[in-house]
Amino acid sequence: MSTDTVPTATRPLYLRLWAGVPKELLFLFIAFPIGVVMFAVSIGLFSAAVGTFATFFLGVLFLVGVLYLARGAGVVELALLRWVGRPEIRRPDWNDRTAKTGFLGWLKALFGNGHYWLYLVWTMLVNFIITTISFTIAVIWFSIAVGGVTGWIWVGFVPNSDRDFFVSSWIAERVFGLAGRFDPLLFDSLLWLVVGLIFLATLPFVTRGLTWMHWGVARGLLGAFRTDALEKEVATLTESRSAAVAAEGTALRRLERDIHDGPQQRLVRLQMDIAAAERQLDTDPDAARKLLEEARQQSKDALEELRALSRGFAPPILLDRGLVAALESLAVRSAVTVRVVSSLPEGTDLPTELERNAYFIAVEGLTNAVKHSGASAIDLRLDLRRLPDSEETWLDITVTDDGRGGAKAVPEHGLAGLQERVLGQGGTLDISSPKGGPTVVTAHLPIAVPPPAPSAG
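Residues numbered from 1 in each chain as written. Predicted model: local features only at pLDDT ≥ 70, side-chain atom pairs only at ≥ 80, totals over all residues. Heavy atoms only, no water.

(A) Geometry of the sheet that holds strand S1 (residues 337-342). Sheet architecture is open: five strands sit in the order S1-S2-S3-S5-S4, paired in mixed fashion. Every other strand in the sheet has two partners, leaving S1 and strand S4 (428-432) as the edge strands with one partner each. Each strand axis lies, on average, 15 degrees off the axis of its neighbour in the sheet, ignoring direction. Taken together, the nine bridges between strand S3 (residues 393-401) and strand S5 (residues 439-447) define a ladder with antiparallel strand orientation. Looking at S5, one finds that Trp394 is bridged to Pro446. Along the sheet, helix H12 (residues 323-333) contacts S1, strand S2 (377-386) and S3; its crossing angle with S1, the most-contacted strand, is approximately 165 degrees. Sitting on the sheet, helix H13 (residues 352-372) is in contact with S1, S2, S3 and S5, with an inclination near 15 degrees to S3. (Pairing = 2+ DSSP bridges. Helix = DSSP H or I, 4+ residues; strand = E, 2+ residues; numbered from the N terminus. Axes fitted to C-alpha atoms, helices over the stretch in contact; angles between N-to-C directions. Contact = heavy atoms within 4.5 Å.)

Dropping the structure here:
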C-alpha cells in the first residue's frame, strides 16, 4: 500500500508534521509582510488620531479607521491560522446589543467594545514582534537546511583562492590535534551537509511550534471572551422570556374575547329566556314552553363553544395518544386537505410541555394557512434533528401550503403571534414565502432532554 493511500490520522506523527510544512512555511513568510504593513499603517493612523483629536471630528475619524483596520488584520490572521490547520478560534460578537441608534450611540458601542482595543494592541505591537521573531527563525532555519543539503552542488563554484579559514580545519586542530592531513574544502562540504540534514530533519518541529505560537497569542487576544457566550445566552433568554410573556398575553386576550363574544352572550340570552319563561309560565304556557326550548338550545350551543375553547388548553387526544395522533385528528377537522408526515421514531417520548406547545404552534400555523393563503393542500411535517457538534436535539415543525405566497410576520397578526410563541420556547421560526408560493413555515424547538431511543422490543 502506498503512503498516499494511508489515512492521514493513521500516519506516523513525523509524516503528519511534514505534511503541514509547506502551508506553515508559507504562512510564516506572508505573515511578516502583512504584519509590517499593518503595523506601519496602524501606527500612522493612531498617531494622526492622537494629533488631531483636538478637532474631534478628524481625531474620531482616524480612531475609527484604525480600529476597523485592526479588526480586519485580526480576521485575516484567524483565517490564515484556520487555513494552516490550527484549531478554530471562536470569534467575538461585534454586534453590541446595547448599542443605541444614532451616530453617538454607535460610537459609544464601538469605543466601548474591548475586542476592538485588544485587536489594536495586537496589530500595533504584539503581532509585529511575533511575526518578526517567527519570520527570522523560519528564514534562518530554512536557509541553513536548504543550503547545507545542497551545498555540495554549488560550493565548488564559489571562489576560494583568498579563503584562509575553514571550519573543519579549525575543529580538527583545536579538538583532535590534526592539521593539514585532509582537504578542508571537502570536509567543510561534508560538515555543512550534516548540519543541513539536522536542520532539515527538525524543520517540521520548528514550523509547527512557530505557528502554534501565533495561534496561542491569537487565542488570547483575538478570540471571544468567555463571558461573551454567557451574555449572549442571557440576552437570548431575556428575549425568549419577553416573547413568552407577549404570547401568553395575546392568548389570554384572545381567550377573553372568545368567551365574551361566544359563551358569555349565550348564557346571558339563556338567563333572559328563562326569566321570560318564568313570567309567562302561568299566563301563557305555550309561549313559556317555546322560550324554554330556545333556552335549552342556547345552553347546548354554549356547551359546544366551551368545548371548542377547551381544545385550546389541552385536547384529550394529545394527552392520551401523543402529538402525532393529535395532529392527525386536527387534520381531519381542517377545511383544507392536510397531510401529516412524521419522521419521529416509533415510541419517541417527548416532554409533555414540549408536545403541548408543538401542538399549539402547529394549530396556529395551519389556521394561518387556511385563512390567508388560499391553499388547496397543506403538508405538516414533524422531524427530530440532532446538531452534529453537540448533544442538542431539536423538534422541527414544518407547515407547507400551495397558496399564493407573500406571507410575512406582521405585528398583531397570525405569524407574529406564532413567532412570539416559538421564541418563548427558546426556538426559532423560519418563513419562506415568495410571491406565488409555496409558503414554508418551519418552527425549530429545542428539546431540553434528548428523547430516549425506542426499545428494540
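What follows picks up the thread again.
(B) Representation of the pairing of S5. Of all the nine residues making up S5, seven are buried; the element is thus mostly covered by neighbouring parts of the structure. Bridge count for S4 against S5 is five bridges, and the pairing is antiparallel. Residue pairing for S5: Asp430 is matched across the bridge by Thr442. As consecutive antiparallel partners, S4 and S5 are separated by six residues, and within that stretch Gly436 has a phi angle of approximately 90 degrees, a positive value. (Buried < 20%, exposed > 50% of the residue type's maximum accessible area, 1.4 Å probe, protein only.)

(C) Structural view of the environment of Phe205. Within the secondary structure, Phe205 sits in helix H7 (residues 184-221). Under the relative-accessibility criterion, Phe205 is labelled partly exposed at 47%. Taking the C-alpha atoms as reference points, Phe205 and Leu17, 188 residues apart in sequence, are found 7.2 Å from one another. Those residues in contact with Phe205 that lie beyond four places of it in its chain are Tyr14 and Leu17.

(D) How the structure looks around the packing of aromatic side chains. Under the counting rule described, the total for this entry stands at eleven aromatic pairs. Each ring, one from Tyr14 and one from Trp18, has its centre 6.5 Å from the other, and the planes form 85 degrees; the classification is edge-to-face. A residue pair is termed a helical-turn pair when its members lie 3 or 4 positions apart in one helix, as Tyr14 and Trp18 do in helix H1 (residues 13-19) at four residues. (Phe/Tyr/Trp six-rings, centres within 6.5 Å; stacked < 30°, edge-to-face > 60°.)

(E) Representation of the packing of H12 against H13. Contact pair H12 / H13: the axes reach a minimum separation of 10 Å and the direction vectors enclose 20 degrees. Judged by the inter-axis angle, H12 sits roughly parallel to H13. The element H12 and its partner H13 pack so that their crossing is right-handed. In this structure, H12 contributes Leu323, Ala326, Leu327, Leu330 and Arg333 to the contact, and H13 contributes Glu355, Ala358, Tyr359, Ala362, Val363 and Leu366. Grouping the constituent residues of the contact of H12 with H13 by class yields nine nonpolar, no polar and two charged. (Parallel < 35°, antiparallel > 145°, perpendicular 65-115°, else oblique. Left-handed = near helix turned anticlockwise from the far one by under 90°. Nonpolar A, V, L, I, M, F, W, Y, C, P; charged D, E, K, R; others polar.)

(F) Region of the structure containing the packing of helix H2 (residues 21-51) against helix H3 (residues 57-84). Between H2 and H3, whose axes approach to 9 Å, the crossing angle comes to 170 degrees. Classed by the angle they form, the pair H2 and H3 counts as roughly antiparallel. Residues that form the contact of H2 with H3 fall into these classes: 19 nonpolar, three polar and three charged.

(G) The arrangement of the side chain of Asn113 in detail. Along the chain, Asn113 falls in the loop between helix H4 (103-111) and helix H5 (114-154). Assessed through its relative accessible area of 10%, Asn113 is described here as buried. There is a polar contact of 3.0 Å between the side chain of Asn113 and the backbone nitrogen of His115. Leave out the neighbours within four places in its chain, and Asn113 touches Asp93 and Trp94. (Polar contact = N/O pair within 3.5 Å; in protein donor to acceptor, adjacent residues only side chain to side chain.)

(H) Structural detail: the pattern of salt bridges. Throughout the structure, instances matching the rule amount to six salt bridges. Across the salt bridge formed by Glu24 and Arg86, the nearest N and O atoms sit 3.5 Å from each other. Here Glu24 is found in helix H2, whereas its partner Arg86 is found in the loop between H3 and H4, with 62 residues between them in sequence. Arg86 shares its class with Glu24; the two are buried. Here Asp383 makes a salt bridge to Arg381, at a shortest N to O gap of 2.8 Å. You can call Asp383 buried: its relative accessible area is 16%. With a relative accessible area of 34%, Arg381 lands in the partly exposed category. Overlapping salt bridges bring together Glu24, Arg86 and Arg208 as one network. (Salt bridge = Lys/Arg side-chain N within 4 Å of Asp/Glu carboxyl O.)

(I) Region of the structure containing H2. End to end, H2 covers 44 Å across 31 residues, agreeing with the expected 45 Å (1.5 Å per residue, within 8%). Among all positions in H2, only Val21, Glu24, Leu25, Phe27, Leu28, Ala31, Gly35, Ser42 and Ala49 are buried. (Expected span 1.5 Å × (residues − 1).)

(J) Inspection of the environment of Leu17 at higher detail. Note on placement: Leu17 falls in helix H1. In the structure, Leu17 is positioned 187 residues away from Pro204 in sequence and 5.5 Å away in space, judged by C-alpha atoms. Look past the residues within four positions of Leu17 in its chain and what remains in contact with it is Pro204, Phe205 and Arg208.

Interpretation in functional terms is not warranted from these geometric data alone.
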